[in-house]
Structure formats: structure tokens, C-alpha cells
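The residues making up each chain are set out below.
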Amino acid sequence: MADMARMGVSFDGVNTLSVWGLVCTSLKVSMPDIKVKHIELKGSDSYIDLSNVFGRVLYGNRKIEAEFVLHESNADDWARTIEKIGNALHGERKEIILDNDLSYYYTGRISCEFEKTYRAFSIVKISMDCEPYKYLVDQSGGRWLWSPFDLHEGIIDAGTLEVNGTYTYTLKGLKKKSIPNFQCNNAMTVLYNGLTYNLSEGSNHLLGLKPTQDGDNVYIFNGNGTVKVSYKGGAL
């Protein structure tokens, strides 16, 4: 857990503490809104709850609110700094990483407010309207952040799997259902949830494949070659 006084928030890799010297004084991460659907029954005290009609609960956006203290030497210094912050963030859509939760990133649109008093510091408020799920920081083979990754809370894919006959691979799924991508250097098959699917050489995104479940997802590969499993895991 990051020390609040030394904690920052990164927007597309730009950290509020290291770049602008903002000291975080409060952080609020709200749960996403639940999309509830009720049908009232006439003449009854009850109702029909259709919130799970698609097989799972659906969510709206979530709010993240952070407040910072900015120390400046004079009014000109303050004006230049808030101009830089406003130009970089206000109204923009960014990938957001909290220093106290480095295994995941959020995606959302940002708004900024600035409050100046006659003291040698001012208040910076940054609000983020984010998608409901936070996603693992690059579990899919792109920009992997090895050093901050939490081996207990996060998920690391097995990388490139060597298939010589049969290979069983268990993927730890998160709450958000997702269909993995399989990158193969040779044709092979994969067995999942009792069904067998053909994988061709190259990238395979099987729309008919059942999405991952929260917990263990077992894939059994048959053939000869290599396969890389890419998975975009999301959690609340």
C-alpha cells in the first residue's frame, strides 16, 4: 500500500506526484452503478427482477475522485502549473493507474478543478468517470509492468506454451467475462468446457468459445507447436 503523502495517479504514464509535485490528500474509488431492471406486477407487492436477464449483472460507469495539495512559490508558478495540468488532463480520456493499486488500470474521462487561496499552496481536484471494470496491467503481451505487478493479486499468463501432443493450461479468470486470444505457430485444437475448437496458424479469436469464468478455466491443447494465450482480465 502506497503512503498517501507519496502517492500519485498516473494518466497514460504521467504521474501526478513525480511530474507536477501534487501531494494526494484524499482518494475515493466508488463501485460502479448496478443496472437494475424491475417489472412491477399489478395487484402485487412484488416485482420481477430482470437484472440478470443476460446471465450476469451489468454495470454503469464508476467514479474516482482524488484531491491534491499543490505547493508553489508565487502566483505565476501556480498559473503555469495548473495550465499544464489542465491542458494534459481536463476533458481527456486516459488510462489511469493508482499508485496503491499498480496491478490494474482504469479507463475514463477526466475533469479538473483548481482552488487557490492566499496561502503557499492550492487544492487540485481531479475527477474520473471510468468504465466499470479495472483491467490487469498488460497481461496480453504488450507493455508489461513487471516490477509493480502484485504476484498475489494479479494474474500472469504462462507466456508461450510449448505443445507437444497434449498441454493443459489453467487460466485464472476474473469477474469480467472475456474470450482469450490464441496465437499459434501451427494448427492445433483446444478443448474447453467439454467442446473442441480448431485453432489455425496465426491469431485465433473464437467468437463461439464460451467466455472465461471467475476462477479456474482449463484449456487442453492438442497438436504440435507453440501457443500464446492473451487475456484481458477485469475486476471490480
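Basis of the calculations
Residue numbers here run from 1 along each chain, matching the order of that chain's written sequence. Where local features are concerned, this predicted model is filtered to residues with pLDDT of at least 70; where side-chain atom pairs are given and counted, the filter is 80 or more; whole-chain, interface and lining totals use all residues. Neither water nor hydrogens contribute to the side-chain values; these are computed over all heavy atoms in the structure. Each helix is a run of H or I in the DSSP string that is no shorter than four residues. Each strand is a run of E no shorter than two, and both are numbered from the N terminus. Only protein chains enter the accessibility calculation, which uses a 1.4 Å probe. A residue is then buried if its area is under 20% of the maximum for its type, exposed if over 50%, and partly exposed in between. Contacts: residue pairs with any heavy atoms within 4.5 Å of one another. Salt bridges are identified by distance alone: a Lys or Arg side-chain nitrogen within 4 Å of an Asp or Glu carboxyl oxygen. The definition of a nonpolar core used throughout is a set of buried Ala, Val, Leu, Ile, Met, Phe, Trp, Tyr and Cys residues joined through side-chain atoms within 4.5 Å. Side-chain atoms alone can form a polar contact between residues adjacent in sequence; in general such a contact is a pair of N or O atoms within 3.5 Å, and within protein one must be able to donate a hydrogen while the other accepts it. Aromatic contacts are taken between Phe, Tyr and Trp rings whose centres are within 6.5 Å, Trp giving its six-membered ring; a plane angle under 30 degrees counts as stacked, one over 60 as edge-to-face, and the others as tilted.

Student: Would you mind going over the environment of K175 with me for this structure?
Tutor: Position of K175 relative to the elements: it lies in the loop between β11 (160-173) and β12 (181-184). Given a relative accessible area of 41%, K175 falls into the partly exposed group. Put simply, K175 and G215 are 40 residues apart on the chain and 8.3 Å apart in space, counted from C-alpha to C-alpha. With residues up to four places along the chain from it excluded, the contact list for K175 reads Y59, Y133, D214, G234 and L236.

Student: I keep staring at unusual backbone geometry and nothing clicks. Help me out?
Tutor: Here D12, not a glycine, exhibits a phi torsion of approximately 50°, which is positive. Checked against the element boundaries, D12 lands in the loop between β1 (9-11) and β2 (14-15). Judged by relative accessible area, which is 47%, D12 ranks as partly exposed. The phi dihedral of N193 falls on the positive side, at around 55°, and the residue is not glycine.

Student: What is the right way to read the pattern of salt bridges from this model?
Tutor: Any two side chains of opposite charge can pair if their charged atoms end up close together. Taken as a whole and assessed by the stated rule, the structure comprises five salt bridges. Between R93 and E131 there is a salt bridge; the shortest N-O distance is 2.6 Å. Taken together, the positions of R93 in strand β7 (residues 93-98) and E131 in the loop between β9 (121-130) and β10 (134-136) put the pair 38 residues apart, joining distant regions of the chain. Relative accessible area serves as the criterion here: at 41%, R93 is assigned to the partly exposed category.

Student: It is not clear to me how the nonpolar core should be interpreted in this structure. Could you clarify?
Tutor: Across soluble globular proteins, you tend to see nonpolar side chains buried next to one another. By size, the foremost hydrophobic cluster in this structure holds 23 residues, and its most contacted members are F11, F68, L89, I96, I126 and M128. Listed by contribution, the elements that provide at least two residues to this core are β1, β6 (62-71), α2 (75-89), β7, β8 (104-116) and β9. Discounting chain neighbours no more than four positions away, the residues touching L89 are F11, W20, K94, I110, C112 and I126. Judged by nonpolar contacts, the second largest core, of 22 residues, contains Y192, V227, V229 and A235.

Student: Got a minute to help me understand the side chain of N217 in this structure?
Tutor: Among the structural elements, N217 can be located in strand β16 (residues 215-230). Looking at N217, the relative accessible area reads 2%, which means it is buried. At 3.0 Å, the side chain of N217 and the backbone oxygen of G215 are in polar contact. Look past the residues within four positions of N217 in its chain and what remains in contact with it is Y169, T170, L171, G173, Y192 and T212.

Student: In this structure, what is going on with the packing of aromatic side chains? I would like to understand it.
Tutor: The description of an aromatic ring pair uses the distance of the two centres, along with the angle that the planes make with each other. Taken as a whole and judged by the stated rule, the model has five aromatic pairs. Judged by centre distance (5.7 Å) and plane angle (65°), the ring pair of F182 and Y219 falls under edge-to-face. In this pair, F182 sits in strand β12 while Y219 sits in strand β16, placing the two residues 37 residues apart along the sequence. The exposure class of Y219 is buried, given its relative accessible area of 0%. For the pair F182 and F221, a centre-to-centre distance of 5.7 Å together with 75° between the ring planes defines the contact as edge-to-face.

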